[in-house]
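Residue-level structure breakdown
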Amino acid sequence: MRTARTVPVLALVTVGSLFLTPHSAVADRPAPTRERAAPDDRAARTPQSAAQRALAGHAPDLDRTVRGYPREQVLSPDPENPADKSLKLGLTPYHAIAPKLNALQRLGDRVSVEIAGRSAGGHRLYLVTVTAPESRHEARAQERMRDLIENAPTTAAKSPEIKKSYKTPVFVNNNIHGNEWEGTDASLRLIERLATADDRATRDLLARNRLYFNVTANPDGRIAGTRANASGFDLNRDFVTASQPETRAMRQILLDKQPAVMLDLHGYVNGTLIEPTTPPHGENYEYDLFLKNTYANALGMEAAVNGLGHTPQRDGVQPAQIPFRDQEEGWDDWPPIFTPQYAAFHGTVAAHTVEIPLRVNNTAYDTLPAEELRRRSAINVDVAGAALDATLDFARSQRTSLIADQIEVFRRGAAGAAQVPVSAETVPGVPGIGPEDVYTTTFPRAYVIPGATTAAARLVDHLIGNDIRVTRATHPFRLGGRTYPKGAYVVDLHQPKRGMANVLLADGRDISDKVSAMYDISGWSLGRLWGADVHPVTSGSLKGLPLRAVGEAAPVGRVAPRGDLRLRLTDPNEVAALNHLLRQGIPVRQAADGTALVPGSARAQAAQAARRYDVVLDTARLGGGTALRPVRVAAAVTAGELFALREMNFDVVPVSTAVLNAGFDWSSVDVLFVSAGLDHAGLTPAARTALDAFLAGHGLVGRGTVGAALNTAAGLPAATPVQGNPNANGVVRLVSSGGVPDHGFVYAPVWFTDLGPGMRVEQSYATGNPLLSGHWRPDEDGSGGPAAAAGRAAVVSGERAVLFGTEPLFRDHPKGEFAQVGRALFTMAHAHSG
């Protein structure tokens, strides 16, 4: 129990429980957004164009030319959109932002605007910088000091120039959830005030700080009134994967600007929720430095928010709450998928999610009078503004210690220094620190990624994209008692952002016994889930090894110089390349071992596909095979699954119960994939008859209980799904007959029993405890836990169906599992084609 409470606290039993604040007021918190069996209207129907924009590549870099400030530009206007959901709330619609920023730039010499990228829906992402004017020489000096802080922290710690002249970077991220609007308006109001204010405090603030505002991180959702972007993604769950252009733009801001302080403005929790969080705390952080600063700023924001004078009786506004102090568990900072937690790995030592109080989205938006919604929004803008003002005061008053602590984060990483466990002694001034708050890890000496494979190249480029230093061997070498080949990649964990490297590559931890519930995912290992061979090395010296730094992975795409060609279908890029070749009319066959056989006569097209998708087509030694043809998939799936299918270059037609009931041409598709939003019992008689007729001659790929239920309802060979704890998630050990990954991801895990005739087990959960990392407890009655799943079927198949109990496409993340789904779709599409 924490000792700083003034009243008892309700223990969290299930996610979404209420908490009692120190002010004896019940405060709500949003339940986690879980990707599980969804109601009919939740099947993803996002447009192909959004996926194409997201898959086109990384967001454009911010302007890296060293120029002075201001950096003004005239923004072209967007067409006026009367359907913008912001208008009903009396807030700034997206189409009004560009004219507003043009006007703010004209107010003086403090406001600059850059285009940080474009959203999945094609909208501009605006980054506003507010600071005192800088000459080119002064700006160059700031960049040099910023670079010194990260890359030579020991030198930076002794630099009198940094102590005297470095401007503290402060980053404000707004509207990452599109239907949590008010942070944008509070930031625009603050920018306008700072543009012209002539008081001493403002002049001092801007002389010693650079303030960066991501005006709206999710313009697609702001316009549409949705939490997600145009691809259907919750951007505040995407930082480990960085699948979306908005996420990559935010990542680039963090890399280029290196903020010491940041706010991520959200809604809606009444009273206003201000992080730091409850346990468990991310074990790869320098958490002593993070907690010290984040808690101190939280106190200032709490005072500012409460100082507005809103009351429960008059305004419906409860006093602010700080989870670390006021709650037991359930609002954790364990996964780096949230903006503040991700920012901590790039040197941010005070980072907060701030949840403003009064709900105006979802049901409230649709049912409350416009007058009431505008009253609430106005209060929310004031609350967000108070949090912003307090944060700027904190940045100004604590400038020296904030920069010193950021330097120390990087110094510890570069030196391979031990983490400092939090305690009353190491983090003085933060009440209630207990053993439940202590999370540290043992960093390996390095990671080695030995293979010159498509998966290895993808992983290396992702690491570099996250500002992790990677080297490559120019000759074979020996490390940690093992010999590695020329071309192997080495990630030295003695580097400034070691926490970032380790949080991505490490297995993670089984934290099921630590807390009763988690807010979101608890395991995510790229080392286990992205398909590359990754070796942690716990001992040995890297000194003298034949390693050179790389800025990108070496390409691996090639074709054999003669003969027919073989494309292994073990990677999503290989599946994408196969789909590309089939669309070109190349006569591809499938061999008995599942690989794709490409005729040597198509070597030129194969070479083009190898370069485009960075895949290898080696010499085929297998004859015969079954002719393949392009596959069109009807998919009732989640947004992440739909995106992953398109990443594999499948032609996908989104469907749902409603789509089928409206009349659907089954002759236009070859196979059905179902995981969400399609209920057999909810179909009209005509729609049900048409679906059953399709499945009588075509195959089904299903995931989870929804896919298994459709399998049963359609009269296909039985496989009884057993639902594990719906709050469980993480990386699991799997056993298979070979050719597929030995680890997978689960979210509300499912296994299968009572298999019907012809159904066989393709993968099983490992015996013992199959959970490698994450959170998976039994249900209250003792069922549904990992022991119940151990040894059970995780993936099953038959002549007419393949069913997954794992989450092989979850949020576009577990890349190493994608090809399993791709092969299943090809198998089911061709097994029953006429």
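Definitions and cut-offs
- Residues numbered from 1 in each chain as written.
- Predicted model: local features only at pLDDT ≥ 70, side-chain atom pairs only at ≥ 80, totals over all residues.
- Heavy atoms only, no water.
- Buried < 20%, exposed > 50% of the residue type's maximum accessible area, 1.4 Å probe, protein only.
- Helix = DSSP H or I, 4+ residues; strand = E, 2+ residues; numbered from the N terminus.
- Axes fitted to C-alpha atoms, helices over the stretch in contact; angles between N-to-C directions.
- Parallel < 35°, antiparallel > 145°, perpendicular 65-115°, else oblique.
- Left-handed = near helix turned anticlockwise from the far one by under 90°.
- Contact = heavy atoms within 4.5 Å.
- Nonpolar A, V, L, I, M, F, W, Y, C, P; charged D, E, K, R; others polar.
- Pairing = 2+ DSSP bridges.
- Phe/Tyr/Trp six-rings, centres within 6.5 Å; stacked < 30°, edge-to-face > 60°.
- Lys NZ or Arg CZ within 6 Å of the ring centre and 35° of its normal.
- Arc of directions from axis to C-beta.
- pLDDT = per-residue confidence, 0-100.
- Polar contact = N/O pair within 3.5 Å; in protein donor to acceptor, adjacent residues only side chain to side chain.
- Salt bridge = Lys/Arg side-chain N within 4 Å of Asp/Glu carboxyl O.

Of all nine residues in helix α22 (residues 639-647), nine are buried, a share of seventy percent or more. Of the residues making up α22, those classed as buried are Ala 639, Gly 640, Glu 641, Leu 642, Phe 643, Ala 644, Leu 645, Arg 646 and Glu 647. Downstream of α22 by a residue or two, Asn 649 has a phi angle that is positive, lying close to 75 degrees.

A separate point is the packing of helix α10 (residues 287-306) against helix α15 (residues 370-397). The N-to-C vectors of α10 and α15 enclose an angle of 135 degrees; their axes lie 8 Å apart at closest approach. By the angle between their axes, α10 is oblique relative to α15. The handedness of the crossing between α10 and α15 is right-handed. In this structure, α10 contributes Asn 293, Ala 296, Asn 297, Gly 300, Met 301, Ala 304 and Val 305 to the contact, and α15 contributes Val 383, Ala 386, Ala 387, Ala 390, Thr 391 and Phe 394. When the residues that make up the contact of α10 with α15 are grouped by side-chain class, the tally is nine nonpolar, four polar and no charged.

Below, the discussion takes up the sheet that holds strand β22 (residues 596-598). Strand order in the open sheet made by the six strands is β19-β23-β20-β22-β21-β24, with mixed pairing throughout. The open sheet has two free edges, formed respectively by β19 (558-559) and β24 (626-627), since each of these has just one partner strand. Bridge analysis of strand β20 (residues 565-567) against β22 gives three bridges, and the strand direction is antiparallel. The partner of Leu 565 across the bridge, within β22, is Val 598.

Overall, the coordinates contain 20 aromatic pairs when judged by the stated rule. Ring geometry for Phe 650 versus Phe 826: centroids 5.6 Å apart, planes at 45 degrees, classification tilted. Placement of the pair is Phe 650 in the loop between α22 and β26 (651-654) and Phe 826 in helix α27 (residues 815-831), with a sequence separation of 176 residues. As far as the burial class goes, Phe 650 and Phe 826 line up, both buried. A ring pair is formed by Tyr 765 and Trp 776, whose centres lie 6.2 Å apart and whose planes are at 70 degrees; its orientation type is edge-to-face. Residue Tyr 765 is found in strand β33 (residues 760-765), and its partner Trp 776 is found in the loop between β34 (771-775) and α26 (786-789); the two are separated by 11 residues along the sequence. Taken individually, Tyr 765 and Trp 776 each receive the classification buried, so the pair is uniform in this respect. Each member of the aromatic cluster is reached from another via a ring pair, and the members are Tyr 285, Tyr 287, Phe 290 and Phe 345. A cation sits over an aromatic face here: Lys 88 above Tyr 365, 4.5 Å from the ring centre. The ring of Trp 530 has Lys 815 sitting right over it, with the charged end atom 5.7 Å from the ring centre.

Turning our attention to helix α1 (residues 48-55). Within α1, the full set of buried residues consists of Ala 50, Ala 51 and Ala 54. The buried residues of α1 occupy an angular sector of 100 degrees when the element is viewed end-on, so they sit on one face. Immediately downstream of α1, the backbone of Gly 57 shows phi near 145 degrees, a positive value.

This brings us to the confidence of the model for the chain. Across the chain, the average pLDDT comes to 93, with 94% of residues at or above 70. Taken as a whole, residues 1-41 scores under 50 in pLDDT and shows 120 contacts with residues more than four places along the chain or in a different chain.

Residue placement: Gln 590 occurs in strand β21 (residues 589-590). Within polar-contact distance, the side chain of Gln 590 engages the backbone oxygen of Gly 594 at 3.5 Å. Contact partners of Gln 590, with chain neighbours within four places excluded, come to Thr 595, Gly 625, Thr 626 and Leu 628.

Under the defined criterion, the tally for this structure stands at 44 salt bridges. Across the pair Glu 134 and Arg 210 runs a salt bridge, and its minimum N-O distance is 2.8 Å. Placement of Glu 134 in the loop between β4 (124-130) and α3 (136-151) and of Arg 210 in strand β6 (residues 209-214) is noted, with a sequence separation of 76 residues between them. The pair Glu 134 / Arg 210 is uniform in exposure class, with both members buried. The salt bridge involving Glu 161 is made with Arg 144; its shortest N-O contact spans 3.0 Å. You can see Glu 161 sitting in helix α5 (residues 160-165) and its partner Arg 144 sitting in helix α3, a full 17 residues away along the chain. The exposure class of Arg 144 is partly exposed, given its relative accessible area of 45%. Connected through shared salt-bridge partners, Glu 180, Arg 227, Asp 234, Arg 237, Asp 520 and Arg 811 make up one network.

A word on the sheet that holds strand β17 (residues 535-537). Across the sheet, five strands lie side by side as β17-β12-β16-β13-β18; this open sheet has antiparallel pairing. For this open sheet the edge positions go to β17 and β18 (547-550), each flanked by a neighbour on one side alone. Within the sheet, the average angular offset between the axes of one strand and its neighbour, ignoring direction, is 30 degrees. The sheet contacts of helix α17 (residues 454-465) involve β12 (446-449), β13 (470-473), β16 (489-492) and β18, and relative to β12 the element is tilted by about 145 degrees.

All right, on to the pairing of strand β27 (residues 671-674) then. A two-sided burial pattern is seen for β27, the buried positions comprising Val 671 and Phe 673 on one face and Leu 672 and Val 674 on the other. By the bridge criterion, three bridges tie β27 to strand β28 (residues 700-703) in an arrangement that is parallel. Bridged to Phe 673 within β28 is Val 701.

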